[in-house]
Amino acid sequence: MNYKVLAAGLVVVVPMLAVFAHAFGTDPHALPKATVGKPAPGFVLETLTGETVDERSLQDHPFVINFWATWCVPCAQEHPTMLAVAQQFRDRIPFYGVLYGDEKDNAIAYLQKRGQAFPTLLDPSGRTAIDYGVSGVPETFVVDKGRIVKKYVGPIDGDEMVALLGSLR
Amino acid sequence: MTGLLAVAIALAQYPDGAFVAEKPDQVELGVGAPPFGTPVTDEAQVVDRTMHLAHRLRCPVCQGLSVADSTSEASEGIKARVNELVRAGYTDDQITDYFVDRYGEWILLAPPAARHELLWILPWAGVVTAVGIVFWMLARAKPTAPSSPAAPTVVDDAYRRRVLEELGE
């Protein structure tokens, strides 16, 4: 056996396999979740009905913030699950929707038709969405003790979210 | 770099992040550190810097487009945010760091060389290694014997005399 050829082949092949093995463990389409583990950005936003919600009043409690829009098909798919989870935790964990790139009247009509279980906040400048690193809708953040502990990109997995929220004190 | 320095100074002053809650003007801008520069009032300068930064940031909902080249809702929001921060006196590094904090380095169209030295060094290291290996192999190769005329046969005097005698000379 020509050991030199074998060694040369290994020098080329082993690093390639290592790169592939590393890459196979990641989703190339997955968006980065840079805000997870960091302090939740502050916000002071109005609801569809004109009340003001200040994030600082929520700091000691877990809460869920869901960015959505009426024109977003995955948001419509997610809506029943989100309502069910919010209903299940309505006494313990506040949920907030944030309207993303959409009009207040559209949101009111949409929620009247499909039902609502938590207030929706208006973010006309998109500032809060950028502060949370939102790149599309739906995206949902679970905040506990002032820090983002989980970010869902796309429709939530209801069972997983129930397990996570159930574990928060 | 200056952005990191500003954050370091802010963290040194307020290690638990309390500076966010204690400085209303910073809550307003949501950056978490004071601007390192002075507010910009020259409209042309604001537009130039906004577009310069927008060309460096990736549109979060597009395929390979910069924020400057995109008209998507998300990109328009980011441009407005950049514009706001430029006006307030934040430096280019601070603004870039603000977006990297929220979206990860993925938001930058070009990875910063200072944080990815290997990306720039490895290709050149590979070329140098390959050239070195070629030279090493050439130096180790055994030279093949050159084709040369046969060495003259040594003929002793007794043999020469006998040959001459037989030839009758």
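Each remark here, short or long, concerns the structure printed above.
Note that the coordinates shown come from a computational prediction; the quantities given were computed from them, not determined experimentally.

Thresholds applied
Residues numbered from 1 in each chain as written. Chains lettered and ligands numbered in written order. Predicted model: local features only at pLDDT ≥ 70, side-chain atom pairs only at ≥ 80, totals over all residues. Heavy atoms only, no water. Helix = DSSP H or I, 4+ residues; strand = E, 2+ residues; numbered from the N terminus. Buried < 20%, exposed > 50% of the residue type's maximum accessible area, 1.4 Å probe, protein only. Contact = heavy atoms within 4.5 Å. Areas by Shrake-Rupley, 256 points an atom, 1.4 Å probe, with all protein chains shown as cover. Disulfide = S-S within 2.5 Å. Core = buried A, V, L, I, M, F, W, Y, C linked by side-chain atoms within 4.5 Å. Salt bridge = Lys/Arg side-chain N within 4 Å of Asp/Glu carboxyl O. Polar contact = N/O pair within 3.5 Å; in protein donor to acceptor, adjacent residues only side chain to side chain. Pairing = 2+ DSSP bridges. Axes fitted to C-alpha atoms, helices over the stretch in contact; angles between N-to-C directions. Phe/Tyr/Trp six-rings, centres within 6.5 Å; stacked < 30°, edge-to-face > 60°. Lys NZ or Arg CZ within 6 Å of the ring centre and 35° of its normal.

Peer 1: Could you give me a rundown of the overall build of chain B, with the residues and numbers involved?
Peer 2: Secondary structure assignment for chain B yields eight helices and zero strands. If you list the helices and strands of chain B from N to C, you get α-α-α-α-α-α-α-α. Taking all 169 residues of chain B together, the buried fraction comes to 30%. Within chain B, counting contacts between residues at least 6 apart in sequence, those at least 24 apart form 54% of the total. Working note: accessible area of chain B is about 11300 Å², and carbon and sulfur atoms make up 64% of it.

Peer 1: Kindly report on the state of the cysteines, identifying the contributing residues and their values.
Peer 2: One pass over the structure, following the stated rule, counts two disulfides over all chains. Residue pairing for Cys72(A): its cysteine sulfur links by disulfide to Cys75(A), the two sulfurs lying 2.2 Å apart. Taking the torsion about the sulfur-sulfur bond, which here is approximately 90 degrees, the covalent link between Cys72(A) and Cys75(A) counts as right-handed. With its sulfur 2.0 Å from that of its partner, Cys59(B) forms a disulfide with Cys62(B). The sign of the 60 degrees torsion about the S-S bond sets the Cys59(B)-Cys62(B) disulfide as right-handed. Judged by relative accessible area, Cys62(B) falls into the partly exposed class, the value being 22%.

Peer 1: Any details on the nonpolar core? Residues and values, ideally.
Peer 2: Among the nonpolar cores identified, the biggest contains 30 residues, and Phe43(A), Phe63(A), Ile65(A), Phe67(A) and Tyr132(A) are the most heavily contacted of them. Put simply, the parts of the chain that give this core at least two residues each are strand E3 (63-68), strand E4 (95-99), helix H3 (104-114), strand E5 (120-122) and strand E6 (139-144) of chain A. Looking at this core, the element that brings in the most residues is E3(A), giving four residues. Within the second largest apolar cluster, 21 residues are counted, among which are Val31(B), Val46(B), Ala54(B) and Phe99(B).

Peer 1: I'd love a proper account of the interface of chain A and chain B, names of residues and values included.
Peer 2: Each partner contributes to the interface: chain A provides 18 residues, whereas chain B provides 22 residues. The residue Asp101(B) makes a salt bridge to Lys38(A) at a minimum N-O spacing of 3.9 Å. Scanning the region where chain A abuts chain B turns up four residue pairs in polar contact (both at pLDDT 80 or more).

Peer 1: Outline the sheet that holds strand E2 (residues 52-54) of chain A, supporting the account with residue identities and numerical values.
Peer 2: Residue and element names in this part refer to chain A. Read across the sheet, seven strands follow the order E2-E1-E5-E4-E3-E6-E7 without closing on themselves; strand pairing throughout is mixed. Strands at the two margins of the open sheet, each flanked by one partner only, are E2 and strand E7 (147-153). Shown here is a sheet whose adjacent strand axes are inclined to one another by a mean of 30 degrees, direction ignored. Relative to the sheet, H3 contacts E3, E4 and E5, its axis offset from that of E3 by approximately 110 degrees.

Peer 1: Please give an account of the pattern of salt bridges that cites residues and values.
Peer 2: Applying the stated rule across the entire model yields 14 salt bridges over all chains. Of the charged contacts in the structure, one is a salt bridge between Asp131(A) and Arg102(B), with a shortest N-O distance of 3.7 Å. Within this pair, whereas Asp131(A) is found in helix H4 (residues 127-131), its partner Arg102(B) is found in helix H6 (residues 92-103), the two belonging to separate chains. Salt bridges linked by common partners bring Arg127(A), Asp131(A), Arg81(B), Glu84(B) and Arg102(B) together as one network.

Peer 1: Any details on the packing of aromatic side chains? Residues and values, ideally.
Peer 2: To describe a pair of aromatic rings, one takes the distance between the centres and the angle between the planes. Residue and element names in this part refer to chain A. According to the stated counting rule, one finds seven aromatic pairs over all chains in the structure shown. The interplanar angle of 55 degrees and the centroid separation of 5.7 Å between the aromatic rings of phenylalanine 67 and tyrosine 132 together place this pair among those described as tilted. Highlighted residues: phenylalanine 67 in strand E3 and tyrosine 132 in the loop between H4 and E6, separated in sequence by 65 residues. On the accessibility criterion, phenylalanine 67 (0% relative accessible area) is buried. A cation over an aromatic ring shows up here: lysine 150 above the ring of tyrosine 152, its NZ or CZ 5.2 Å from the ring centre.

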